[in-house]
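Listed here are the chains, written in short residue letters.
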Amino acid sequence: MTTKLLRGRLLSFKRAPLSLTDTESYSYETDGGLVIEAGKITAIGAYSGIRKKAPADAVEIDHRPHLIMPGFIDTHLHFPQMQVIASYAADLLEWLNTYTFPEECRFVESAHAQKIATHFYDELIRHGTTTAAAYCSVHKTSADAYFAEAIRRNMCMVGGKVMMDRNAPQGLLDTPQMGYDETRQVIADWHGKGRNHVAITPRFAITSTPQQMEAAQALTQEFPDLHIQTHLSENHEEIRFTCELYPDAIDYTDIYARYGLLGPKSLFGHCIHLSDREAGAMNEAGAVAVHCPTSNLFLGSGLFPLKALARREKPVRIGVATDIGGGSSYSMLRTMDEAYKIQQLLGERLNPLESYYYMTLGNAEALSLADSIGTLDEGTDADLVVLNAAATPAMALKMDVVKTLPEELFLLQTMGDDRAIVETYVAGEAAKSNLTIEPKMGAS
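Keep in mind that what you see is a predicted model, and the values were worked out from it rather than measured.

1. Let's talk about the UniProt feature "domain: Amidohydrolase-related" (unreviewed entry) in the protein
Argument step 1. The sites that carry the UniProt feature "domain: Amidohydrolase-related" (unreviewed entry) are, in the present numbering, residues 68-429.
Argument step 2. Here residues 68-429 runs as 43% helix and 17% strand, with 14 Å between its end C-alpha atoms.

Here is the structure:
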């Protein structure tokens, strides 16, 4: 691999910012240099010093005046839902039954799963996302396509074959034993291969019988280091139905706790309507509440109390995510723009430093992967995004009056999309500029 020296403005977080003026929470170089060797960051600092340290044969890539950051991380989305996005429905359960479940049935076919996997990874890269935690369908073919494509692109990805054995169409049901056996095989085939991480993935309690939840529990006991991902407290009707199905549980969160699925590597999508008891249980377990703002608004599910959960005496760990296809954008910039608006509606403020912390280091911490991704620290994987805050005429006009870094970040978050992504680097290799752009097709 060629050694690279990237030049530009470098921004990386050290911890969660306490305020808009908390300059200790991040490092920022106005003219920085970053050396990449064998997919890793080996040196970072002021360009003048790094240029002298860099190997003589390093290929220099000048990204000035753009901003170089760790690649964005998405902690919850659905790989089989690319063609479900932008589907009109009243609420979560209608949307699942009308659009999502029929679409996911198609992933029994390897060719379809492989085709969508190619598009899926293209969109992540186009939008500056270098790591994601995704649900596949119930079919092992979907997980095979997902992880094979991750290896082909050398991306650090979390994913899992969905387990569901009730309350879905016949073509989407497994059994407790099949869910166990196939998940175990996905782990054997893909976990630790390339940069892959397999997650144990019961879709949610509505679509798993107690027997299947026991099978998921058995998997977590056999593979205690694996991620667990599922859904929790997204919609009032979902909560009511779930608690009817598990009448012995104290509440929705307690269902997962009873089956050993509440732990420090548990990623719970949504968590909008948690009781104080549930938030306390999540804190005690170290579990992660994953905020999916565009999806919550699109499906009318509710307003996630991000600030309230974060400032509890016993705070809940939080991640942020697109939740494609309930979510309406692949862009983490668009996602955090909606997260900002949700906090505004709740009478709270989410400052731009916090937004970019969540998209990078915060989500790396949520995935327990901050030792390798989410920062520009030496020794970490060289997954990077290069941002242009003047990417469109309207953005360029606004940039004429932008004076500070937080103002620039807020502009990118408010007006930016895939056009603001100059380049996406995966393990040190330019990925966005190497995408194949297909000809546009109209509706048929």
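Picking up after the structure, the text goes on.
2. Comments concerning a nonpolar patch on the surface
Argument step 1. Taken together, the side chains of Leu297, Leu303, Leu345 and Leu346 define a hydrophobic patch exposed on the protein surface, amounting to about 330 Å² of accessible area.
Argument step 2. Structurally, Leu346 is set in the loop between helix H12 (332-345) and helix H13 (352-366).

3. With respect to the packing of aromatic side chains
Argument step 1. Counting across every chain of the model gives 15 aromatic pairs.
Argument step 2. Here the aromatic rings of Phe79 and Phe107 are separated by 5.5 Å at their centres, their planes lie at 75 degrees, and the arrangement is edge-to-face. Placement of the pair is Phe79 in the loop between strand S5 (72-78) and helix H2 (92-104) and Phe107 in the loop between H2 and helix H3 (110-126), with a sequence separation of 28 residues. The exposure classification of Phe79 matches that of Phe107, with both residues buried.
Argument step 3. Where Phe120 meets Tyr121, the ring centres are 5.5 Å apart and the plane angle is 85 degrees; that geometry is what we call edge-to-face. Grouping residues by exposure puts Phe120 and Tyr121 together as buried.

4. Observations concerning the confidence of the model for the protein
Argument step 1. Predicted confidence across the protein gives a mean pLDDT of 95, with 98% of residues reaching 70 or more.
Argument step 2. Note that residues 439-444 has pLDDT below 50 and, in this model, zero contacts with residues that lie over four places away or in other chains.

5. Digging into the domain arrangement of the protein
Argument step 1. Per the domain assignment, the segments of the protein are domain 1 (4-71 + 375-433) and domain 2 (72-330).
Argument step 2. Domain 1 and domain 2 are separated by 31 Å when their C-alpha centres are compared.
Argument step 3. If you look at the interface, domain 1 gives 15 residues, while domain 2 gives twelve residues.
Argument step 4. Summed over both partners, the interface of domain 1 with domain 2 buries about 1,000 Å², with 65% contributed by carbon and sulfur atoms.
Argument step 5. Three residues, Gly71, Asp418 and Val426, lead the burial of domain 1 against domain 2; their summed loss comes to 40% of the area buried on that side.
Argument step 6. Linking domain 1 with domain 2 are two salt bridges, by the criterion used here.
Argument step 7. A salt bridge links Arg195 to Asp383, with the shortest nitrogen-to-oxygen separation between them at 2.7 Å.
Argument step 8. Across the domain 1-domain 2 interface, the total number found is four residue pairs in polar contact (both at pLDDT 80 or more).
Argument step 9. Taken together, the elements giving at least two residues each to the side of domain 1 that touches domain 2 come down to strand S14 (384-387) and strand S15 (421-426).
Argument step 10. The biggest single contributor to the side of domain 1 that touches domain 2 is S15, with four residues.
Argument step 11. Among the residues making up the side of domain 1 that touches domain 2, the classes are represented as nine nonpolar, two polar and four charged.

6. Quick look at the side chain of Lys307
Argument step 1. Within the fold, Lys307 resides in helix H11 (residues 306-310).
Argument step 2. Residue contacts for Lys307: discarding those within four places in its chain leaves Gln343, Glu348, Arg349, Leu350 and Glu354.

7. A few points about the sheet that holds strand S4 (residues 59-70)
Argument step 1. Reading across from one edge, S3-S2-S1-S4-S14-S15-S16 is the order of the seven strands in this open sheet, with mixed pairing throughout. What marks the edges here is a single partner per strand, and that holds for strand S3 (40-46) and strand S16 (429-430).
Argument step 2. Looking at chain direction, S4 and S14 are connected through four bridges and run antiparallel. Considered in S14, the bridge of Pro70 is made with Leu384.

8. Notes on unusual backbone geometry
Argument step 1. Put simply, Arg64 and Pro65 share a cis peptide bond, and its omega is 0 degrees.
Argument step 2. With respect to the element layout, Pro65 can be found in strand S4.
Argument step 3. Cis geometry is found at the peptide bond from Ile324 to Gly325, where omega equals 0 degrees.
Argument step 4. The topology assignment puts Gly325 in the loop between strand S13 (317-320) and H12.
Argument step 5. The backbone of Ala38 shows a phi angle near 50 degrees, a positive value even though the residue is not glycine.
Argument step 6. As for its position among the elements, Ala38 is in the loop between strand S2 (26-37) and S3.
Argument step 7. The exposure class assigned to Ala38 is exposed, which follows from its relative accessible area of 61%.
Argument step 8. For Ser233, which is not a glycine, the phi torsion comes out positive at approximately 50 degrees.
Argument step 9. Structurally, Ser233 can be placed in the loop between strand S10 (227-232) and helix H7 (236-245).

The rules behind the values
Residues numbered from 1 in each chain as written. Predicted model: local features only at pLDDT ≥ 70, side-chain atom pairs only at ≥ 80, totals over all residues. Heavy atoms only, no water. UniProt positions renumbered as here; feature names shortened; annotations may be inferred. Helix = DSSP H or I, 4+ residues; strand = E, 2+ residues; numbered from the N terminus. Patch = residues over 30% accessible without salt bridge, like charges linked within 9 Å, V, L, I, M, F, W, Y side chains within 5 Å. Areas by Shrake-Rupley, 256 points an atom, 1.4 Å probe, with all protein chains shown as cover. Salt bridge = Lys/Arg side-chain N within 4 Å of Asp/Glu carboxyl O. Phe/Tyr/Trp six-rings, centres within 6.5 Å; stacked < 30°, edge-to-face > 60°. Buried < 20%, exposed > 50% of the residue type's maximum accessible area, 1.4 Å probe, protein only. pLDDT = per-residue confidence, 0-100. Contact = heavy atoms within 4.5 Å. Domains from an automatic or database assignment. Buried area = accessible area lost by both parts, 1.4 Å probe. Polar contact = N/O pair within 3.5 Å; in protein donor to acceptor, adjacent residues only side chain to side chain. Nonpolar A, V, L, I, M, F, W, Y, C, P; charged D, E, K, R; others polar. Pairing = 2+ DSSP bridges.

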